[in-house]
Every structure is written in C-alpha cells, then in structure tokens.
Amino acid sequence: MLNNLDSTGVIVNDQDIQRPSNPTISVVVPVYRSQDTLRELHRRITAVLETIDPHFELILVEDCGGDNSWNIIEELAKEDRRVRGIQLNRNFGQHAATICGFAHSRGKWIATLDDDLEQVPEYLPNLYKKALEGYDLVYGVYPERTHKSWRNITSHTARWLFSKAIPSLNHAYTSFRMIRGDVARTLPQFDSPFPFVDGYLSWLTNSYTTVEVPHGTRTYGVSNYTFRKLITHTINIFVTFSDLPLKMATWIGIIAFAIGMIWFTIIIGRFFIGGINVSGYASIMAGILLFGGVQLLVLGIFGEYLGRMNFKSSKRPLFMVGRATSTIVKD
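Predicted model, so just to flag it, every value in this text is computed and none were measured.

Draft legend 1. Main features of the packing of helix H2 (residues 38–49) against helix H3 (residues 69–79). Viewed as axis vectors pointing N to C, H2 and H3 meet at an angle of 35°, and their least axial separation amounts to 10 Å. In terms of crossing hand, the pair formed by H2 and H3 is right-handed. Across the interface between the two elements, Leu38, Arg39 and His42 from H2 touch Ser69, Ile72, Ile73, Glu75, Leu76 and Glu79 from H3. Residues that form the contact of H2 with H3 fall into these classes: four nonpolar, two polar and three charged.

Draft legend 2. Region of the structure containing the pairing of strand E6 (residues 109–112). Of the two faces of E6, the one lined by Trp109 and Ala111 and the one lined by Ile110 and Thr112 are each fully buried. Note: strand E3 (residues 25–31) against E6, four bridges, orientation parallel. When the bridges of E6 are listed, valine 28 appears paired with threonine 112. Bridge analysis of E6 against strand E8 (residues 177–180) gives four bridges, and the strand direction is antiparallel. Opposite isoleucine 110, over in E8, you have isoleucine 179 as the bridge partner.

Draft legend 3. Here's a closer look at a nonpolar patch on the surface. Where nonpolar side chains cluster on the molecular surface, the patch consists of Trp251, Ile254, Ile255, Ile259 and Leu290 and spans about 480 Å² of accessible area. With four residues, the top contributor of residues to the nonpolar patch is helix H10 (residues 244–272). In this fold, isoleucine 259 is placed in helix H10.

Draft legend 4. Structural view of the pairing of strand E7 (residues 137–141). Taking burial as the measure, the five residues of E7 include five buried ones, the bulk of the element. Side chains Leu137, Tyr139 and Val141 project from E7 onto one buried face, and the interleaved Val138 and Gly140 project onto a second face that is buried too. Alignment of E7 against E8, held across three bridges, turns out to be antiparallel. Across the sheet, the residue bridging to leucine 137 is isoleucine 179, located in E8. Direction of pairing for E7 relative to strand E9 (residues 208–212): parallel, over a ladder of five bridges. Each residue of the ladder has a partner; that of leucine 137, found in E9, is tyrosine 208.

Draft legend 5. The arrangement of the nonpolar core in detail. If you look at the biggest cluster of nonpolar residues, it comprises 33 residues, and the most contacted ones within it are Leu88, Phe102, Phe162, Leu201 and Phe319. Going through the elements one at a time, strand E4 (57–62), strand E5 (83–88), helix H4 (94–103), E7, helix H6 (149–165), helix H7 (181–184), helix H8 (197–204) and helix H9 (227–241) are the ones with two or more residues in this core. The leading source of residues in this core is H4, at five residues. The residues contacting phenylalanine 102, other than those within four sequence positions of it, are Val28, Ile110, Thr112, Ile179, Ala184, Arg185, Leu187 and Val197. With 32 residues, the next largest nonpolar core counts Val31, Leu58, Ile72 and Ala131 among its residues.

Reading the values: the criteria
Residues numbered from 1 in each chain as written. Predicted model: local features only at pLDDT ≥ 70, side-chain atom pairs only at ≥ 80, totals over all residues. Heavy atoms only, no water. Axes fitted to C-alpha atoms, helices over the stretch in contact; angles between N-to-C directions. Helix = DSSP H or I, 4+ residues; strand = E, 2+ residues; numbered from the N terminus. Left-handed = near helix turned anticlockwise from the far one by under 90°. Contact = heavy atoms within 4.5 Å. Nonpolar A, V, L, I, M, F, W, Y, C, P; charged D, E, K, R; others polar. Buried < 20%, exposed > 50% of the residue type's maximum accessible area, 1.4 Å probe, protein only. Pairing = 2+ DSSP bridges. Patch = residues over 30% accessible without salt bridge, like charges linked within 9 Å, V, L, I, M, F, W, Y side chains within 5 Å. Areas by Shrake-Rupley, 256 points an atom, 1.4 Å probe, with all protein chains shown as cover. Salt bridge = Lys/Arg side-chain N within 4 Å of Asp/Glu carboxyl O. Core = buried A, V, L, I, M, F, W, Y, C linked by side-chain atoms within 4.5 Å.

If you want it as structure tokens, here you go:
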C-alpha cells in the first residue's frame, strides 16, 4: 500500500484516517544504528504496554543510521500491526526524529524513550500512572547514571549552565517522557532549524513532574553522542533558547572598553610625567592581541545568532519522510 505525504511531510493514509478510535498510548522511539537492540526493545515495550491497554502503537523513526535497522523495523511491522515504521530522507538528528514521531502519533498519551535500552521500558507504567494524576508531562529521572564519567560531568555542567541561562527550562528533563498527546503534537509547529524537544515542552507547559527510575546499562555498541556532538548540541540550545551569549558579548565589550580606557589613561599619564621615553613594542602588541581577540569573540557570537536567523528564514523542513510502513491496528 502506498503512503501519501501532505505539504508538511506528514504521512496521509486512507486507512489511518478511517480508523474509528485512537490508542491510549503512542510510544515514539528515534532509531539510529540500533539493529542489535530493536527486537528486544519491541518485545519489552509490547509486554509492558499490554498490561495497560493492548491498543497502543509503537512508532519507530529511523534516522538514516546506515545499518540494518530499517529492514528490522519493516519485519517488526509485518509481525505486529501495532508497529509503525518511518524512515527519514536523511539524518536529521534525534530531536527532529522524535518530533516526526509526534506528528504521526494518535495516542492520548505519548511516551518517548531511546533505542539503546538504557531507559528501562518496564517503568513506562510508572510514568503513565503519575501522568494520570493530572500532569501534562512526566520525566523519568535517574538517581544514578551508568554513563562514563566524562559524560556525566559534561551533562551536569551543561544542566547547571542551562539553569542560569534558561530559567524557564524544565531542568529535570530526560528523553524518557510521558507527554499528553495534544501537547506533544504541538511541537511540529515550532519553526526552528535547531530543535530541542524539552525546550519546546518548557514553553508549552509548566505542569510537569518526575518519577525516579533506574538507568539501564548499554549492552550493545557505544553511545552515538560523542564529546563533539554534545558540545555542539549545548551551543545550539544556548543560542536558540537564551540571549545570555548576547548579554555576555555586551559585558565583554564594556569590560574591554573599560580596560582600554584605564590602559590609555595610564600611558598618557606616564607620558606627561616623563615615565615613557620609548614606545613599548610589547605593550602595543599585547593591546592589539587583547582587543582584537575580544572583537572577534563578540563578532562570532553575533554571527551565531545571524546564522540561525538565516537558517530559519530559509524555511527548510525540520524533517522529511522517505519511507513508511503502512500497518495499522484493527480495533
């Protein structure tokens, strides 16, 4: 069966539109190089969700990792009609893939988790039960993380910086979430080339809470988040969701100007009292390097913001669907 795409890139399927009722829970999983974990992930998710409501859907969004993940997703969709597979045209990133899953979901509640089994699917009922108390958003948070030490340090540092730069951000965020469906399906309306799911959710609702869950251990492969990717992601969040870098550029400029004026006053004063006989090469070069570096830093910060304005004005789609399975659940 062929799937059609509307102008926003969302799949339109006649059978899907005619479906008489919606699932209670949609589970959205962004998939990237996870051929070794997908079958176990599917088995564990279906086993636990059947205890809540057998009428759920599992949406697997394959982000063009280049391995055999898509073939496995197609096989799972044939074996279990509650599985819906979506493959993006190219690699758009985890947050874009997650938002793509939101756009194609139907559930009253939408759960998200990673594909590496570090987030334990058996705790989905804990998040769901807490959400039913009246919250729009529930995060599964970890008392202890099983990541490597360097990643835990960078993560804690980034969260501390975010708490200072973005006061509105839900700081206890993780990618293990239970979200009210209509809230999650609002996210595709955000028009930003650098998506951040939890930043969007913080704008949409303050009705959130947390549930402590254990952090599982990765059995297969290594994390796809390298140190470089983490730094890039952190910078993107700062520039997209905070004006702190601009404020820092302003204060750096003021401080540099003040240092320059003090330096200038000292040099002029020493000149008039005869303290300077020969112009100093070292002081001239130091001044040029100092203030030249400050100027380049400030220009770089402004350039980051201007670049994002240019990306946004180009109206490029956040994601584009390449292929999709056509399975639905029969009620």
